[in-house]
Amino acid sequence: ADLKNDPKAARSVRVLVVQFSGDDEVTVGQWQDVMDFTPPQLTAYGRTPTGSAMQRALDEVESQKEELRRNGIAYKRPLIYLMSDGTPTDDYEIASQRCLSAEAANKVAIFPIAVGDDADQDILAKFSARGALHLNGLNFKELFLWLSASVKVVSQAAQGQAVQLPPTSSWASH
């Protein structure tokens, strides 16, 4: 709702949810403009195929960027928010290296977020040069307000401009 109320973000932000859990299931939603986006109900259960999910997320981002280029539509560096409540149950090392390479090439910015006491923050940190954050308690409202504020900052920046994201102190610890 916060993004939908920002005219610039509402016109420029697209969202894709990649869910991973169950029996090593990775489910990819559809890209949607933020104006049409309704968050899915997420359920934590079963296994945590983090490597497979991040490979799919990177593939989807690159595919979306290619489609935008073909249609002559400018875009900003995509943001991926990796949120997990567990430890990867698949081979995540190749995916984490690919994430680091994509970040180093400025193809994407990745924000790993450990949710709950069972989340392996050390492994999640391997998916981004900036490390991982840990959600304090159940501060989901603050987390999602930060996500929204971060996306707004990026959507309002000039093409190629470096941006300073809002502080995470209201919802996270390092």
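Calculation criteria
Residues numbered from 1 in each chain as written. Predicted model: local features only at pLDDT ≥ 70, side-chain atom pairs only at ≥ 80, totals over all residues. Heavy atoms only, no water. Pairing = 2+ DSSP bridges. Helix = DSSP H or I, 4+ residues; strand = E, 2+ residues; numbered from the N terminus. Salt bridge = Lys/Arg side-chain N within 4 Å of Asp/Glu carboxyl O. Buried < 20%, exposed > 50% of the residue type's maximum accessible area, 1.4 Å probe, protein only.

> Tell me what's going on with the pairing of strand β2 (residues 18–21), and back it up with residues and numbers.
When β2 meets strand β3 (residues 25–28), the two strands line up antiparallel, connected through four bridges. Each residue of the ladder has a partner; that of V18, found in β3, is V28. Where β2 hands over to β3, the hairpin turn is made up of three residues, of which G22 adopts a positive phi near 65°.

> Give me the pattern of salt bridges: which residues, what numbers.
Considering all chains together, one arrives at nine salt bridges under this definition. Between K152 and D2 there is a salt bridge whose closest N-O contact spans 3.1 Å. Remark: D2 occurs in the segment before α1 (7–12) and K152 occurs in helix α5 (residues 140–156); sequence separation between them is 150 residues. When its relative accessible area of 19% is taken as the criterion, K152 is described as buried. On the basis of relative accessibility, which here comes to 30%, the residue D2 falls in the partly exposed class. Several salt bridges converge on common partners, so that one network encompasses E66, R69 and R70.

> Could you give an account of unusual backbone geometry, naming the residues involved and the relevant values?
One non-glycine residue with positive phi stands out, namely D24, at about 60°. Within the secondary structure layout, D24 lies in the loop between β2 and β3. By relative accessible area, which is 34% here, D24 ends up partly exposed. With a phi close to 60°, N106 is a non-glycine residue in the positive phi region. Tracing the sequence through the fold places N106 in the loop between α3 (93–104) and β6 (109–114).

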